[in-house]
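Chain by chain, the residues:
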Amino acid sequence: MTGKLRGTTIAIFAMLLSTAAIGTASATGTDFTLSPTSGPVGTSVTINAAGTTAFPSPTDANAVAPTVDFNAVAATAVTMVSSTELTAVVPPTAVTGPVTVTVGTTTYSGPTFTIPVVTTPETPTWTVTLSRPSVIYGASTKVTGVLTGTSGPVAGATARLQQSAGSGGWRPVPVTTSATTNRAGTVHWTVTPGQNEQYRISASAIGNYLAALSDPATVQVQPKLVLHPLAVASTGVTSHLTGIVRPAIAGTVELQQLGGSTWRTVAHANARNGSFSFPINPTRIGVASYRLVEDANALHLAGISSTVQIDITRGELRYGSTGPEVHALQRQLRRLHYDVGPPSSIYGWDMVHAVTAFEKVQGIDRDGVAGNQTWKRLSNPKVPHLEHPYPSAPVAVEVNLTKQVLMIAKYGKIWRILDTSTAGGYTYTDSAGLQATAITPTGHFTIQYKIDHLVTDKLGTLWRPSYFNYSGDAIHGEGDTNSGSNVPPYAASHGCVRITDLAVDRYYNTLAVGTPVWIYY
């Protein structure tokens, strides 16, 4: 009896042991190790048993291969290496999670296998804007690009600006370098197009973003048309309107004149060399308005210049003439720095001497009359220059004995041009009763002293003289009651520099002691 019970007990204990072997193994995840522990889909992973874990032996002909799951997804291939080692390939649909090995009805738990999330590369998008889509030649515009992806701005991408190269080609913009998109995905460049131009932006690949190229953005360019001002023209005299067009390309520029409210074309010129001259023959006294127009072409938009207004006066003005045309002539001469006196519509002595000084500089008849020669020169005047500019001097004087003009400069720039009469080169009897030659000394002088009233000696009168040496030579007037009739348009003094009394009164205080004076031929 006792033997039977003992045998029965042993049998039951064996059955219990057998049942325990069929149950689930430890769920702690330490039944085996993985090598590697992470990798993409398709990775071959080595599984090594740990502790009491046992895999079927590959030498057992009756052994059934275990199954391996990566986060509940069966491996695509399992190989039995030994009773303690397997290999398995990560299946295509698996994601990060625990790995289990099932041997018959026993499941062993292992560590987590990490599968990186693979994101599909994305092509970001450029948005390109121009601060000014249309500019006048020589002006700049800002090209701004913003690079964005589905998740927002793309920062850190290397961007380059390109411009069209004709026939569908593109080239880097010569004056720019690469730029890097900022945290807002933005880059920008400032460009100065010379003609209608297209720009686009490229970006190199960065991170999960592929290289990107923007659509073209077009800048249109208007030619720069400049019509030089001509304040005064005369009826019956051909004057010339000049100007420039930039860029200088083959094309026709039109001169238009305003008639009522309508512009009409009155002349054409070829602007191949970038400059032009239009002859005009005004027939009516008044104000005439002109402008330039260039039609659009393949490289540029149409262009229109600013309007120039010209005072049209009658054919000849002289001492005693009155009217708005006198005022217009005065404005033109003042713009050219000639001393015309205070504003007036009366052609008085100031105007006679201003016109005479202008005629002297232009090399035409010195009669003080605004006639045909004067009007022609006013349409395209010669501009005098200083022989000895003093850029740092508040005031300096130059006397050109050849042209018989006196120029007052401020900081090295001509401020006023005056009619003058210097020594005539004749022989005369001086104040000591000796024979002398009328010569104006040449060279560099300064104003030494001044006398603020009429000075009278044996040789004549000097009104408010400013002496530039101690030999008695001065810049002065004559004290003539006609205030200007005694300054002839030729050299006639004993040696001084004679200007009108009216001019002396205007500039006496300007010619301070110490003012540099250069006298030359």
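A brief look at the structure comes next. Values in this document were obtained by computation on a predicted structure and should not be read as measured data. (Residues numbered from 1 in each chain as written. Predicted model: local features only at pLDDT ≥ 70, side-chain atom pairs only at ≥ 80, totals over all residues. Heavy atoms only, no water.)

### A short note on the packing of aromatic side chains
Taken as a whole and judged by the stated rule, the model has 10 aromatic pairs. With a centroid separation of 5.5 Å and 20 degrees between ring planes, the pair formed by Tyr-449 and Tyr-470 is classed as stacked. One end of the pair, Tyr-449, is in strand 35 (residues 449–450); the other, Tyr-470, is in the loop between strand 37 (460–467) and strand 38 (474–477), and 21 residues separate them in sequence. In textbook terms, an aromatic cluster arises when at least three aromatic residues are bridged by ring pairs, as seen for Tyr-449, Tyr-467 and Tyr-470. Sitting above the plane of the Tyr-508 ring, Lys-450 keeps its charged end 3.7 Å from the centroid. In this arrangement the basic side chain of Arg-464 is found over the ring face of Tyr-508, its NZ or CZ atom lying 4.3 Å from the centre. (Phe/Tyr/Trp six-rings, centres within 6.5 Å; stacked < 30°, edge-to-face > 60°. Helix = DSSP H or I, 4+ residues; strand = E, 2+ residues; numbered from the N terminus. Lys NZ or Arg CZ within 6 Å of the ring centre and 35° of its normal.)

### Concerning the pattern of salt bridges
Within this structure, the stated rule accounts for 8 salt bridges. A salt bridge links Glu-316 to Arg-318, with the shortest nitrogen-to-oxygen separation between them at 2.7 Å. Judged by relative accessible area, which is 40%, Arg-318 ranks as partly exposed. Beyond isolated ion pairs, a larger network of salt bridges with shared partners links Asp-339, Asp-350 and Arg-506. (Salt bridge = Lys/Arg side-chain N within 4 Å of Asp/Glu carboxyl O. Buried < 20%, exposed > 50% of the residue type's maximum accessible area, 1.4 Å probe, protein only.)

### Brief notes about the pairing of strand 31 (residues 413–419)
Relative to strand 31, strand 30 (residues 405–410) is paired through 6 bridges, and the arrangement is antiparallel. Counted as the bridge partner of Lys-410 is Lys-413 from strand 31. The turn linking strand 30 back onto strand 31 is made up of 2 residues, and Tyr-411 within it adopts a positive phi angle of 50 degrees. (Pairing = 2+ DSSP bridges.)

### Focus: the nonpolar core
Counting 28 residues, the largest nonpolar core has Leu-329, Leu-333, Tyr-338, Tyr-347 and Trp-375 as its most contacted members. The biggest single contributor to this core is helix 3 (residues 349–362), with 7 residues. If sequence neighbours within four positions are ignored, Leu-333 has contacts with Tyr-338, Val-340, Met-351, Ala-354, Val-355, Phe-358 and Leu-378. Among the nonpolar cores identified, the runner-up in size contains 22 residues, and Val-135, Leu-147, Leu-161 and Ala-203 belong to it. (Core = buried A, V, L, I, M, F, W, Y, C linked by side-chain atoms within 4.5 Å. Contact = heavy atoms within 4.5 Å.)

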